[in-house]
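Chain by chain, the residues run as shown.
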Amino acid sequence: MKANVILMKCPETKRSYGVRIEERGGDWLRTWAFPLDEGRASREGYDRTKITGNLSPAEGFNGCPYCGSKEFVICGRCGKLSCWNKEERITCGWCGLTGDITTTTDAVSVRGGDM
Ligand SMILES: [Zn+2]
Ligand SMILES: [Zn+2]
């Protein structure tokens, strides 16, 4: 079983967290979220994780450790992930872009750091 960690950010608190993901049949299940500062994520290489496929929440997924959201958005500008509380106004926790952010539960390509 392949497992990985992707980095997300909570726009409300501006804090980052890691989400452990496990591969199941070519897609990915989000199994656990935990507080993770960006410095440590960078040292571990989590900010450079690249995955393709669906990113569904697993049963029992705990959600963002700060706001509890289990939904996320992908920023149309920086391509990074932020949590989403199903509000109309969407804000990227990384670059601050509002509005024009892709919301999807379909297949995604995630890139963590800069290309
Ligand atoms: Zn959050
Ligand atoms: Zn962004």
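Preceding this paragraph is the structure being described.
Below is a short write-up of the structure. This structure is a prediction, so every number in the text was calculated from the model and none was measured. (Residues numbered from 1 in each chain as written. Chains lettered and ligands numbered in written order. Predicted model: local features only at pLDDT ≥ 70, side-chain atom pairs only at ≥ 80, totals over all residues. Heavy atoms only, no water.)

This part takes up the side chain of S16. Here S16 is to be found in strand β2 (residues 15-24). For S16, a relative accessible area of 6% translates into the label buried. Reaching out from S16, the side chain makes a polar contact with the backbone nitrogen of E38 at a distance of 3.4 Å. Ignoring sequence-local partners within four residues, the contact set of S16 consists of L7, M8, K9, P35, L36, D37, E38, Y66 and W94. (Helix = DSSP H or I, 4+ residues; strand = E, 2+ residues; numbered from the N terminus. Buried < 20%, exposed > 50% of the residue type's maximum accessible area, 1.4 Å probe, protein only. Polar contact = N/O pair within 3.5 Å; in protein donor to acceptor, adjacent residues only side chain to side chain. Contact = heavy atoms within 4.5 Å.)

Moving on to the nonpolar core. Ranked by size, the top nonpolar core spans 16 residues in total, and within it I6, M8, Y17, V19, I21, L55 and L81 carry the most contacts. Those elements that place two or more of their residues in this core are β1 (3-10), β2, β3 (27-35), β6 (71-75) and β7 (81-84). If you look at the next biggest cluster of nonpolar residues, it comprises 11 residues, including V5, Y46, C78 and L97. (Core = buried A, V, L, I, M, F, W, Y, C linked by side-chain atoms within 4.5 Å.)

As a benchmark, a tetrahedral metal site with four donors has ideal angles of 109.5 degrees, while an octahedral site with six donors has ideal angles of 90 or 180 degrees. Of the protein atoms, only C75 (SG), C78 (SG), C92 (SG) and C95 (SG) coordinate the zinc ion (ligand 2), at distances of 2.2 to 2.3 Å. Classification of the site at the zinc ion (ligand 2) rests on its 4 donor atoms, whose angles at the metal span 104 to 118°, yielding the label tetrahedral. One chain supplies every donor for the zinc ion (ligand 2), spaced along it as C-x2-C-x13-C-x2-C. You can see C78 sitting in the loop between β6 and β7 and its partner C95 sitting in the loop between β7 and β8 (101-102), a full 17 residues away along the chain. Look at C78 and you get buried, because its relative accessible area is 18%. Residue class for C95 comes out partly exposed when judged on its relative accessible area of 30%. (Donors = N, O, S within 2.8 Å, 3.2 Å for Na, K, Ca; no water. Tetrahedral: all angles 85-135°; square planar, octahedral: opposite > 155°, others 65-115°.)

All we've got here are geometric facts, nothing functional implied.
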